[in-house]
Amino acid sequence: MSGNGTSGEGTNGSPRGDRRREALLAELDRQLRTTKLDDISVADLTDAAGITRSAFYFYFDSKAAAVTVLLSSIQATAAKSNDMLVNSDGRFRSRVSATLSRLADRMVDNAHVYRALLTARTTHEPMRRLWDEGRAELATPIAEYIRSERAAGRAPEGADPDSLATALIQINESVLEHLVYDPGADREPMIATASDLWVRAIYGRPDPEVDNPGEPS
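Keep in mind it's a predicted model, so treat the numbers as computed, not measured.

1. Looking at the nonpolar core
Okay, so step 1: Within the largest apolar cluster, 63 residues are counted, with the highest numbers of intra-cluster contacts made by F60 and F92.
Okay, so step 2: Sorting elements by how many residues they give to this core places helix 4 (residues 63-87) first, with 11 residues.

Written out as structure tokens, the structure is:
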């Protein structure tokens, strides 16, 4: 993902703490707020940060590689939301809606980063691999939840839990992608539809014992 950040001049075993590296990332974040990733050059970043071009390539092998560093905060937010979905109390549909709403708020607030990540994912194999690995990590607890609901008799047998969990996360990703490119879009219908798909995919129906839309949340 990154270049030679663990060895060489200017490192001390903690490349995250290196001020030049952080300056480059801060400048990338700043420029992404007004400019598409494809329209930002390495020279734009290094000139604005007051850092040499060779220093950039010491830390990152490309712009896309630099963007992958910003992925960690996105994944941390997704993991926290995932935990709320799997482990909190309340109606399942409400938990899905709350989880997706929380993610939507965070991603729209950081739409410039999410858009850049989507761009990098299409052009940078390490970025694509990290994205897929992150999705797999998120899918694991959801798959376990599905298995436990089936074992308890609350959900019917069906598709492989791991594959189903991955597909459900991809539904959320499609909603988030829509919103970061169109932040003014009405998110409520999209969140409601995604939540309904989650309920029906796991439980097979909006069963009153699972989810009764007529009852208050």
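2. Description of the packing of aromatic side chains
Okay, so step 1: Under the criterion given, the structure shown has 7 aromatic pairs.
Okay, so step 2: Plain terms: the ring middles of F56 and F60 are 5.6 Å apart, the flat faces sit at 55 degrees to each other, and that makes the pair tilted.
Okay, so step 3: Taken together through their ring pairs, the aromatic side chains of F56, Y57, F58, Y59 and F60 make up a single cluster.

3. Let's talk about the packing of helix 4 against helix 5 (residues 92-109)
Okay, so step 1: At a closest axis distance of 9 Å, the pairing of helix 4 and helix 5 adopts a crossing angle of 165 degrees. Considering their axes alone, helix 4 and helix 5 lie roughly antiparallel with respect to each other. Where helix 4 crosses over helix 5, the two elements pack in a sense that is right-handed. On helix 5, the residues touching S73, I74, T77, A78, K80, S81, N82, M84, L85 and V86 of helix 4 are F92, R95, V96, A98, T99, R102, L103, R106 and M107.
Okay, so step 2: By residue class, the composition of the contact of helix 4 with helix 5 is 10 nonpolar, 5 polar and 4 charged.

4. Considering helix 8 (residues 161-181)
Okay, so step 1: The terminal C-alpha atoms of helix 8 lie 31 Å apart, and with 21 residues this matches the ideal 30 Å at 1.5 Å per residue to within 8%.
Okay, so step 2: Looking at the buried residues of helix 8, the elements they touch are helix 5, helix 6 (111-123), helix 7 (125-151) and helix 9 (187-203).

5. Regarding the environment of L117
Okay, so step 1: By the element assignment, L117 lies in helix 6.
Okay, so step 2: Owing to a relative accessible area of 0%, L117 belongs among the buried residues under this scheme.
Okay, so step 3: For the pair L117 and L71, spaced 46 residues apart in the sequence, the C-alpha separation amounts to 7.1 Å.

6. Regarding the pattern of salt bridges
Okay, so step 1: Within this structure, the stated rule accounts for 14 salt bridges.
Okay, so step 2: Close ionic contact of E22 with R21 constitutes a salt bridge, the shortest N to O distance being 3.3 Å.
Okay, so step 3: With a shortest N-O distance of 3.1 Å, D196 and R93 are connected by a salt bridge. Residue D196 is found in helix 9, and its partner R93 is found in helix 5; the two are separated by 103 residues along the sequence.
Okay, so step 4: When its relative accessible area of 21% is taken as the criterion, D196 is described as partly exposed.

7. Considerations on the packing of helix 6 against helix 7
Okay, so step 1: Where helix 6 contacts helix 7, the two axes come as close as 6 Å, and the packing angle between them is 115 degrees. As the angle between them shows, helix 6 and helix 7 are arranged roughly perpendicular. Along this stretch, helix 6 crosses helix 7, giving a crossing that reads as left-handed. Packed against helix 6, whose contacting residues are Y114, L117, L118, A120, R121, T122 and T123, the element helix 7 presents E125, M127, R128, W131 and R135 at the interface.
Okay, so step 2: Split by residue class, the contact of helix 6 with helix 7 holds 6 nonpolar, 2 polar and 4 charged.

8. A closer look at the UniProt feature "DNA-binding region" (unreviewed entry) in the chain
Okay, so step 1: When the UniProt feature table is mapped onto this chain, "DNA-binding region" (unreviewed entry) is found at residues 41-60.
Okay, so step 2: Taken end to end, residues 41-60 has its terminal C-alpha atoms 13 Å apart, with 75% of it in helix and 0% in strand.

9. Some points on the side chain of E149
Okay, so step 1: The topology assignment puts E149 in helix 7.
Okay, so step 2: A polar side-chain atom of E149 sits 2.6 Å from a polar atom in the side chain of Y203.
Okay, so step 3: Leave out the neighbours within four places in its chain, and E149 touches R154, A155 and Y203.

10. A short note on helix 9
Okay, so step 1: A rise of 1.5 Å per residue sets the reference length of helix 9, with its 17 residues, at 24 Å; its end C-alpha atoms lie 24 Å apart and thus fit the reference within 8%.
Okay, so step 2: Looking at helix 9, one finds that the buried residues are R187, M190, I191, A194, S195, W198, V199, I202 and Y203. All buried residues of helix 9 fall inside an arc of 170 degrees around its axis, so they share one side.
Okay, so step 3: For helix 9, the elements touching its buried residues are helix 4, helix 5, helix 7 and helix 8.
Okay, so step 4: N-cap assignment for helix 9: the residue whose side-chain oxygen lies 3.2 Å from the backbone N of E188 is D186.
Okay, so step 5: Where helix 9 ends, the next residue or the one after it, G204, has phi of about 80 degrees, a positive value.

Cut-off values and rules
- Residues numbered from 1 in each chain as written.
- Predicted model: local features only at pLDDT ≥ 70, side-chain atom pairs only at ≥ 80, totals over all residues.
- Heavy atoms only, no water.
- Core = buried A, V, L, I, M, F, W, Y, C linked by side-chain atoms within 4.5 Å.
- Buried < 20%, exposed > 50% of the residue type's maximum accessible area, 1.4 Å probe, protein only.
- Helix = DSSP H or I, 4+ residues; strand = E, 2+ residues; numbered from the N terminus.
- Phe/Tyr/Trp six-rings, centres within 6.5 Å; stacked < 30°, edge-to-face > 60°.
- Axes fitted to C-alpha atoms, helices over the stretch in contact; angles between N-to-C directions.
- Parallel < 35°, antiparallel > 145°, perpendicular 65-115°, else oblique.
- Left-handed = near helix turned anticlockwise from the far one by under 90°.
- Contact = heavy atoms within 4.5 Å.
- Nonpolar A, V, L, I, M, F, W, Y, C, P; charged D, E, K, R; others polar.
- Expected span 1.5 Å × (residues − 1).
- Salt bridge = Lys/Arg side-chain N within 4 Å of Asp/Glu carboxyl O.
- UniProt positions renumbered as here; feature names shortened; annotations may be inferred.
- Polar contact = N/O pair within 3.5 Å; in protein donor to acceptor, adjacent residues only side chain to side chain.
- Arc of directions from axis to C-beta.

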